[in-house]
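# Coordinate analysis (summary)
Here is what each chain is made of, one letter per residue.
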Amino acid sequence: MDHETLDRLRQTHPAWRILLADHAPLVLSFLNLAFIQPNRRAILAPELTAHLDAYLDQLRETYPDRYPRSARVYLEDWAAPDRAYLRKYYPKSGSEAEFDLTPATEKAIEWLKALAPQPFVGTESRLLTLLQLLRDLAAGAQDDPTARVRELTRRRDEIEREIERVREGRTGPLDSTQVKERYAQIADTARRLLADFRQVEENFRMLDGEMRERIATSTRPKGALLEEIFGETDHIHRSDQGKSFSAFWEFLMSPSRQDELRERLRAVHALEAIRELPREDFVRNIPPMLLDAGEKVHGTVAQLVEQLRRFVDDHAHLENRRILDLVHEIEAHAVALKGIAPTVTDFATVDGLAPELILPMCRSIYRPPNNPVLDGAPIEEGTAELNLVALFKQASVDEKRLRAHIADLLKNRSQVTLADIAQAYPPEQGIAEVVTYLRIAAHEGAPVDDDITETIVLPAADSRPERQVRIPRVIFTR
């Protein structure tokens, strides 16, 4: 941290810039209220504008002339590239823009929170955590199997001695101070983990942007460029950050680990020392918060694959070399000018979303209308034999009832599979109910694990025998 580094950070880093802003109390207090406290990952622009309008009205009662601009102007200013307090983007579905915190803004808010005096600072639990990490690192990184076995044996003997002391009553449970200290460390670690996800997502977006620029400016042949890009994608998954996130996501998607996490939280909050603390829902809601944060990062990683797919599709359909060269030239100029803002107010105007072309020679030739000639012959009454039994046997599947089944099982669990639902509520209408469940999963964006196959039993009904259907594992979450 030399003078030049600090001076460069003061001029360029958004976290430092927001602390020096004239209206920093407004920005930091509102963004903490809107994003950090409820742990919102993204908020629609109309909702955030209405929230800021109400917050400004409240502040203007105390500071009448301090914040004169409207909420929409403030949000647009905070999301500008030269400030980057917020990130404004348009999601794949929906026409409304969304806002999300940038990692720099979250770091500034967390740093300011750390300035407040702490009534209780736990040191014992941190020292024990440090020693445990050192033990795991020293033992797990050993190449010599004998050394690892020796360390595991020592830990086994220590656990056996601890069991013996507990049986003899020579050691008791943690006291109230130790319980509160460790609970505070759990909450602090969880907050830091959720804050780190915004930085992880930002890092993946930077990789995505670099890949898009490489595609836009590259003049290499299609095969060579694709080989380089797919190699870069493999490098992302093999990187330390990619491996760490993959391990986290695998842990989060494991039903057994999820059940263990919820059971541990339930046992902790049943302790007498924890019930004495002011109720805080943050630690209780850690599992769904982690799922939400992980899905955001997982979606950003999926955009990398989507970009590759679009690149392949575009090159498969664009055979005109001249048009392709012009598109590459425009994209290269756009990348070169991305940091140069227009100096004039009316930079460009668009009258319509697409040009309207009228080609007279493409109009169809006039054809006179073909007027039907009605015959006045008498109509003879005929007979027909129709079997209407199948028509009256038609039955529709009540989708609301199936959604109620899913919601009922999710009351006490964070996720259930389609096989669990079929076991609890056997599909009385056969394969039609299974197809409806799959349609609900597709509409809700439920994850599907193609590597695991589950069997669903369709009970016998009327003249239909019992059947079994094998499908990939479909997971419904809250």
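Up top is the structure.
As the structure is a computational prediction, the values presented were derived from the model and not from experiment. (Residues numbered from 1 in each chain as written. Predicted model: local features only at pLDDT ≥ 70, side-chain atom pairs only at ≥ 80, totals over all residues. Heavy atoms only, no water.)

## Overview of the sheet that holds strand β2 (residues 86–89)
Note on sheets: strands pair through backbone hydrogen bonds, and any given pair is parallel or antiparallel. An order of β1-β3-β2 is seen for the three strands of this open sheet, with the pairing classed as antiparallel. Every other strand in the sheet has two partners, leaving β1 (43–44) and β2 as the edge strands with one partner each. In this structure, β2 lies alongside strand β3 (residues 98–101), joined through four bridges in antiparallel fashion. Bridging from a neighbouring strand, Leu86 pairs with Leu101 of β3. Sitting on the sheet, helix α3 (residues 24–36) touches β1, β2 and β3, and the angle it makes with β3 is about 105°. (Pairing = 2+ DSSP bridges. Helix = DSSP H or I, 4+ residues; strand = E, 2+ residues; numbered from the N terminus. Contact = heavy atoms within 4.5 Å. Axes fitted to C-alpha atoms, helices over the stretch in contact; angles between N-to-C directions.)

## Looking at the sheet that holds strand β6 (residues 467–477)
The strand order β4-β6-β5 describes an open sheet built from three strands, whose pairing is antiparallel. Strands with a single pairing partner mark the edges of an open sheet, and in this sheet they are β4 (415–417) and β5 (448–458). When the angles between neighbouring strand axes are averaged without regard to direction, this sheet yields 35°. Note: β5 against β6, eight bridges, orientation antiparallel. When the bridges of β6 are listed, Ile456 appears paired with Val469.

## Examining the nonpolar core
Ranked by internal contacts, the top residues of the largest apolar core, which has 33 residues, are Leu31, Phe35, Leu48, Trp78 and Leu86. The element best represented in this core is α3, accounting for nine residues. Once residues within four sequence positions are removed from consideration, Leu86 is found in contact with Leu31, Phe35, Leu48, Leu75, Trp78, Ala79, Phe99, Asp100, Leu101 and Thr102. Judged by nonpolar contacts, the second largest core, of 19 residues, contains Leu402, Leu410, Ile440 and Ile471. (Core = buried A, V, L, I, M, F, W, Y, C linked by side-chain atoms within 4.5 Å. Buried < 20%, exposed > 50% of the residue type's maximum accessible area, 1.4 Å probe, protein only.)

## Remarks on the packing of aromatic side chains
As enumerated under the stated definition, the model contains three aromatic pairs in all. Where Phe30 meets Trp78, the ring centres are 6.3 Å apart and the plane angle is 45°; that geometry is what we call tilted. Here the residue Phe30 occupies a position in helix α3, and Trp78 occupies one in helix α5 (residues 71–78), the gap between them amounting to 48 residues. You can call Trp78 buried: its relative accessible area is 0%. Relative to Trp78, the ring of Tyr74 has its centre 5.8 Å away and its plane inclined at 35°; by these criteria the two rings are tilted. Remark: Trp78 and Tyr74 occur in helix α5; sequence separation between them is four residues, near one turn of the helix. By the ring-pair criterion, three or more aromatic residues cluster together here, those being Phe30, Tyr55, Tyr74 and Trp78. The positively charged end of Arg87 is found above the aromatic ring belonging to Tyr89, 4.0 Å away from the centroid. (Phe/Tyr/Trp six-rings, centres within 6.5 Å; stacked < 30°, edge-to-face > 60°. Lys NZ or Arg CZ within 6 Å of the ring centre and 35° of its normal.)

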